[in-house]
Amino acid sequence: MTDSMEQAAARSVASGGTATTGVALPGPGTGRRAPRRRMSKRMKLVILNAVSIVGGIAIWWVLAESGLQLPTPPEVLQKAIQMWNAGIVQEDVVASLARVLTGFVLGTAAAIPVGFLMGWYTAARGLFEPWIQFFRTIPPLALLPLVLVLMGIGELPKVFVIFLAAFLACVISTYQGVVSVDRTLINAARVLGAKDGTIFARVIVPASTPFILVGMRVGLGSAWATLVAAELLAAQAGLGFRMQQAQIYYDLATIFVNIVIIGILGLAMDRLLLLAETKLTAWQERR
């Protein structure tokens, strides 16, 4: 009996198994497969973005060829080249960017300290919040006729409505960031002997930075949306002005050129803010 068991164990080992359990062992020609390299998240996003852009252009082309009154992508590209060679694109981009950047920077610069004051001091919240909530429910474009009457038809009214749009979007986000700071962090800093200035600089500002940057991104979108409408009134150059002129002559290709330019400029500026957010909030856990 013992001899038969030993012979069976020997045959099992010789065939690649184990003598005790009988579980098959990997043969000499088999080994653990090398783990597949996973595609990085950033590369995957880049590929998906490229696929989305190509797919969007393809859908646009199909709709234009199917009978809808839309210019095809080659027609828009040809029109853009003509406008570039004539210097129209450069003039309009410079005019619109100057208005957007001026209003956006001024609006953000005013919104951040006001938001901090509202979130940190109860008195400031009581004084500012009713007016901010009041004007936040009124679209800045609804104030444009009044602004034109009070400020004239120059650059000031256009920049002002852009400033107002950026300010209202950013101030609420900044205020929300301050009031959302964990009270445990503030109390721990006080226990360690930190004064209000130190707590504000070392706790409140870093914790509120993600909210501020999100508000800036929302404010940037509001600034571009307000710009197009502001340039429809009493402008001599700009992307919105050019779209209005093209509408009069039913020049759809020119309208599409300016739409694409606005989209590209807005996307580029948003990506810059997103990059700044990534750098400034590197401590924050992300998915």
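Caption draft 1: Structural detail: the nonpolar core. Judged by nonpolar contacts, the single largest core of 53 residues is most densely connected at Val 171, Ile 204 and Trp 224. Counting only elements with at least two residues in this core, the list comes to α3 (73–85), α4 (88–120), α6 (144–151), α7 (155–179), α8 (183–191), α9 (196–230), α10 (239–248) and α11 (252–280). The residues contacting Val 171, other than those within four sequence positions of it, are Ala 111, Val 114, Gly 115, Met 118 and Ile 132.

Caption draft 2: Here's a closer look at the packing of aromatic side chains. Taken as a whole and assessed by the stated rule, the structure comprises 6 aromatic pairs. For the ring pair Trp 131 and Phe 134, a centre distance of 6.3 Å and an interplane angle of 80° mean the geometry is edge-to-face. Within this pair, Trp 131 and its partner Phe 134 are both found in helix α5 (residues 122–136), separated by 3 residues, close to a single helical turn. Centre to centre, the rings of Phe 134 and Phe 135 are 5.1 Å apart; their planes meet at 85°, and the pair counts as edge-to-face. Site record: aromatic cluster; members linked through ring pairs are Trp 131, Phe 134 and Phe 135.

Caption draft 3: Geometry of α5. An ideal rise of 1.5 Å per residue puts 21 Å on 15 residues; α5 measures up with 20 Å between its terminal C-alpha atoms. Along its length, α5 reaches its greatest deviation from straightness, about 35°, at Phe 128, and the proline Pro 130 lies no more than four positions downstream.

Caption draft 4: Local environment of the packing of α7 against α9. Packing of α7 against α9 leaves a shortest axis separation of 7 Å and a crossing angle of 155°. Our classification of the angle between α7 and α9 gives roughly antiparallel. Crossing hand, α7 versus α9: right-handed. Counted by class, the contact of α7 with α9 contains 16 nonpolar, 9 polar and 1 charged residues.

Caption draft 5: Geometry of the environment of Gln 78. With respect to the secondary-structure elements, Gln 78 resides in helix α3. Here Gln 78 falls in the partly exposed class, since its relative accessible area comes to 49%. The spacing of Gln 78 and Ala 253 is 175 residues in sequence and 8.9 Å in space, taken between C-alpha atoms.

Calculation criteria
Residues numbered from 1 in each chain as written. Predicted model: local features only at pLDDT ≥ 70, side-chain atom pairs only at ≥ 80, totals over all residues. Heavy atoms only, no water. Core = buried A, V, L, I, M, F, W, Y, C linked by side-chain atoms within 4.5 Å. Buried < 20%, exposed > 50% of the residue type's maximum accessible area, 1.4 Å probe, protein only. Helix = DSSP H or I, 4+ residues; strand = E, 2+ residues; numbered from the N terminus. Contact = heavy atoms within 4.5 Å. Phe/Tyr/Trp six-rings, centres within 6.5 Å; stacked < 30°, edge-to-face > 60°. Expected span 1.5 Å × (residues − 1). Bend = angle between axes of the 7 residues up to and from the residue. Axes fitted to C-alpha atoms, helices over the stretch in contact; angles between N-to-C directions. Parallel < 35°, antiparallel > 145°, perpendicular 65-115°, else oblique. Left-handed = near helix turned anticlockwise from the far one by under 90°. Nonpolar A, V, L, I, M, F, W, Y, C, P; charged D, E, K, R; others polar.

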